[in-house]
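# Structural features, examined
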Amino acid sequence: MQTAIPCLFMRGGTSRGPFFNAADLPADIPTRDNVLLAVMGSPDKRQIDGLGGAHPLTSKVGIVSRGSQPGVDLEFLFAQLQPDKDTVDTTPNCGNMLAAVVPFALETGLVKPQGDTTTLRVLTLNTDMQCDITVQTPNGHVEYEGTARIDGAPGTSAPITINFLDTAGSVAPGLLPTGNVRDVIDGITVTCIDNGMPLVIFKAADVGRTGYESVDQLNADTELKARIERLRIACGHAMKLGDVTAKNYPKMTLIAAPRAGGAISTRSFIPHVCHDAIGVLAAVTVATACVLDGSTTQGIAEVPGQNVKTISVEHPTGEFSVEIEVDPANPQNVIRAALLRTARLLMRGEAMVPASVWAGHRAGDFSATPEPRRARQG
């Protein structure tokens, strides 16, 4: 016997995965996580017995519910799985999957469209972060077709705008969790920063690389990956994140001077596989580092001078533009970050899991216990 769970399979930005209404999943977290592992087919590097795409970018799950506090329309819990591991990590955010939250809620009737465009406030439960997301809803339906293009996803789609309201210190204790804009850790000069995603940013040249290598070259570079992992573990302690050996953060970002008209060039490990592009919140965090005086980006990043700056973050498959606004009275203070993403509904139906994993809801048990909300630090 198998248990059928309603879901929509969606692309969000440059990621994809199944989205669920929280009420359709098990109430207790251990059972829920076992269900998600079964849905995705982990642990197995091919994820042959599930919906996962054998890559961290396609081993993601979105869980959505109506807002439970004033001013919040929707709540979103992101789950990162790994193809070959039995872990379900709900600690970090994912700005790409975030782009599909409002379309999912509209498609499933959790919320109603507001007119030609619909703007809803979404609370990400992983880090207690809020943002306003706007999607196109002409004639009361989500529009997926359009002319917006994002690197890392083929073709064009309708634009989805995300205006982040408070991202500093999403997981780490503050924007600069070490207390410094620049540190020397394990012999490498780094900027440890968290403006939506904990990152360690360092010059590719400092680990003997150009920063323009291909994804395949970097993934095959076992010497570099071992060096980066040693640095990551040391930085995890410095960032007050504890032992990050088994965690998906901090992400490790190699930087170099731009060479395609952008502000900076990046190669991002997530954390052990080089990203084909760059994560949404990683891009926001890199862009933030670019405007901070004294960070590791100084001297190589090309940054506009005005208070509202468009920072183009180059990555292996193109670029990612982030709009950053700084406080005129204190240019070291970033007061807003906004960006454009796209999403598409790929499939609607039911995900099947063995009844031995979960037999389904008992009578009257249709509301999932919410994920414990993590206190913002710093």
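Named according to an unreviewed UniProt entry, the chain is 4-oxalomesaconate tautomerase originating from Bradyrhizobium sediminis. Its UniProt record gives the chain a comment under Sequence similarities (unreviewed entry), which states: "Belongs to the PrpF family."

## A closer look at the overall build of the chain
Along the backbone of the chain there are six helices and 17 strands. What you see for the chain is a C-alpha radius of gyration of 20 Å, in line with the 21 Å of a compact globule of 378 residues. Taken along its principal axes, the extent of the C-alpha atoms in the chain is 60 × 45 × 40 Å. The 378 residues of the chain split such that 54% are buried.

## Focus on the environment of Thr-266
Summarising the element assignment, Thr-266 is placed in strand S13 (residues 264–269). Along the backbone, Thr-266 and Val-286 are 20 residues apart, and their C-alpha atoms lie at a distance of 8.7 Å. Excluding residues within four positions of it along the chain, Thr-266 makes contact with Thr-253, Leu-254, Ile-255, Ile-278, Val-286, Val-313, Glu-314, His-315 and Pro-316.

## With respect to the pattern of salt bridges
Any two side chains of opposite charge can pair, given that their charged atoms come close. For the structure shown, the criterion picks out nine salt bridges. The salt bridge involving Asp-132 is made with Arg-121; its shortest N-O contact spans 2.8 Å. Of this pair, Asp-132 sits in strand S7 (residues 129–136) while Arg-121 sits in strand S6 (residues 117–124); the two residues are 11 residues apart in sequence, bridging distant segments of the chain. The residue Arg-232 makes a salt bridge to Glu-229 at a minimum N-O spacing of 2.8 Å. A residue pair is termed a helical-turn pair when its members lie 3 or 4 positions apart in one helix, as Arg-232 and Glu-229 do in helix H5 (residues 222–238) at three residues. With a relative accessible area of 0%, Arg-232 lands in the buried category. In the salt-bridge network here, residues are joined through shared partners; they are Asp-186, Arg-227 and Arg-230.

## Some details on empty space enclosed by the protein
Scanning the model with the defined rule gives two cavities of 30 Å³ or more in all. Secondary structure elements with two or more residues in the lining of the largest cavity: strand S4 (74–81), helix H2 (95–98) and helix H6 (280–291). Top element by residues in the lining of the largest cavity is H6. It accounts for three residues. Among the residues forming the lining of the largest cavity, the class breakdown is 10 nonpolar, seven polar and two charged. When its volume is computed, the second largest cavity comes out at roughly 40 Å³. Every residue along the wall of the second largest cavity is listed here: Pro-103, Val-135, Gln-136, Val-142, Glu-143, Tyr-144, Ile-160 and Ala-343.

## Side note on unusual backbone geometry
Note: most peptide bonds trans; most residues except glycine with negative phi. In this chain, Tyr-249 is followed by Pro-250 through a cis amide linkage whose omega measures -5°. Mapped onto the elements, Pro-250 comes out in the loop between H5 and strand S12 (251–256). Of note, the bond from Ile-270 into Pro-271 is cis; its omega dihedral lies within 30 degrees of zero at -10°. Along the polypeptide, Pro-271 turns up in the loop between S13 and H6. Positive phi is not limited to glycine here, since Asp-128 has a value of about 60°. Within the chain, Asp-186 stands out as a residue other than glycine whose phi angle is a positive 50°. Along the chain, Asp-186 turns up in the loop between strand S9 (183–185) and strand S10 (188–194).

Analysis parameters
- Residues numbered from 1 in each chain as written.
- Predicted model: local features only at pLDDT ≥ 70, side-chain atom pairs only at ≥ 80, totals over all residues.
- Heavy atoms only, no water.
- UniProt positions renumbered as here; feature names shortened; annotations may be inferred.
- Helix = DSSP H or I, 4+ residues; strand = E, 2+ residues; numbered from the N terminus.
- Rg over C-alpha atoms; globule rule 2.2 N^0.38 Å.
- Buried < 20%, exposed > 50% of the residue type's maximum accessible area, 1.4 Å probe, protein only.
- Contact = heavy atoms within 4.5 Å.
- Salt bridge = Lys/Arg side-chain N within 4 Å of Asp/Glu carboxyl O.
- 1 Å grid on protein atoms, 1.4 Å probe; cavity = no way out; pocket = protein on both sides within 12 Å on 5 of 7 lines; lining within 4 Å.
- Points joined across faces, edges and corners; volume = space filled by probe spheres on them.
- Nonpolar A, V, L, I, M, F, W, Y, C, P; charged D, E, K, R; others polar.

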